[in-house]
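Letter by letter, the chains look like this.
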Amino acid sequence: MTTIRRFCCNDLLRFASVNLDHLTGTFNMSFYMTYLARWPDYFHVAEGPGNYIMGYIMGKVEGQGESWHGHVTAVTVSSEYRRQKIAKKLMHLLEHISDKIDKAYFVDLFVMASNMPAIKMYEKLGYVIYRRVLRYYSGEEDGLDMRKALSRDVDKKSIIPLKRPITRDELEYD
């Protein structure tokens, strides 16, 4: 049985094994603590039997006007727990908070252009490729900015794809 709950400080000492995947971005402790302090509603963990951390999602809400949106900073599931719809449950939770509590227009995320399993999963969840960001990852690999419109964006303006790739310098938010 999987329990999804808010991430807490003690989890910082218990979730390292989830980050072992080479496609998972890792951050320093102060980065995680900032998210935990500023956007606690957007930071959740999936916990299994024996209180084992199976995966987590970390995000935030940002922007102004019609660019007010939820952002998925990281979502990852430990390799032994994949294909159990844990990432889907975590994503739906972040989308629900963005939509119903923060009244955001859309949710976005960035994914490596070469990470086809993740891209396919996000597409199944209703995300579309909004734009390509050249050399987004470590100045080497392109990133895809994927978006999903929420109920506030009735006309789905937030997901109309851009016609050209952009550079990291052209991004509105970090």
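Now for a look at the structure at hand. None of these values were measured; they are calculated from a predicted model. (Residues numbered from 1 in each chain as written. Predicted model: local features only at pLDDT ≥ 70, side-chain atom pairs only at ≥ 80, totals over all residues. Heavy atoms only, no water.)

Notes on the packing of aromatic side chains
Per the counting criterion, the structure on display carries 14 aromatic pairs. When the ring of Phe 15 is compared with that of Tyr 56, the centres are 5.1 Å apart and the planes differ by 70°; the resulting orientation is edge-to-face. Pair noted here: Phe 15 is in the loop between strand E1 (3–6) and helix H1 (29–38) and Tyr 56 is in strand E3 (residues 53–62), with a separation of 41 residues, a long-range link. A relative accessible area of 4% places Phe 15 in the buried class. Under the relative-accessibility criterion, Tyr 56 is labelled buried at 0%. Judged by centre distance (5.6 Å) and plane angle (40°), the ring pair of Tyr 52 and Tyr 81 falls under tilted. In this pair, Tyr 52 is assigned in the loop between strand E2 (43–47) and E3 and Tyr 81 in the loop between strand E4 (69–77) and helix H2 (86–101), connecting sequence segments 29 residues apart. Taking relative accessible area as the criterion, Tyr 52 reaches 28% and is therefore assigned partly exposed. (Phe/Tyr/Trp six-rings, centres within 6.5 Å; stacked < 30°, edge-to-face > 60°. Helix = DSSP H or I, 4+ residues; strand = E, 2+ residues; numbered from the N terminus. Buried < 20%, exposed > 50% of the residue type's maximum accessible area, 1.4 Å probe, protein only.)

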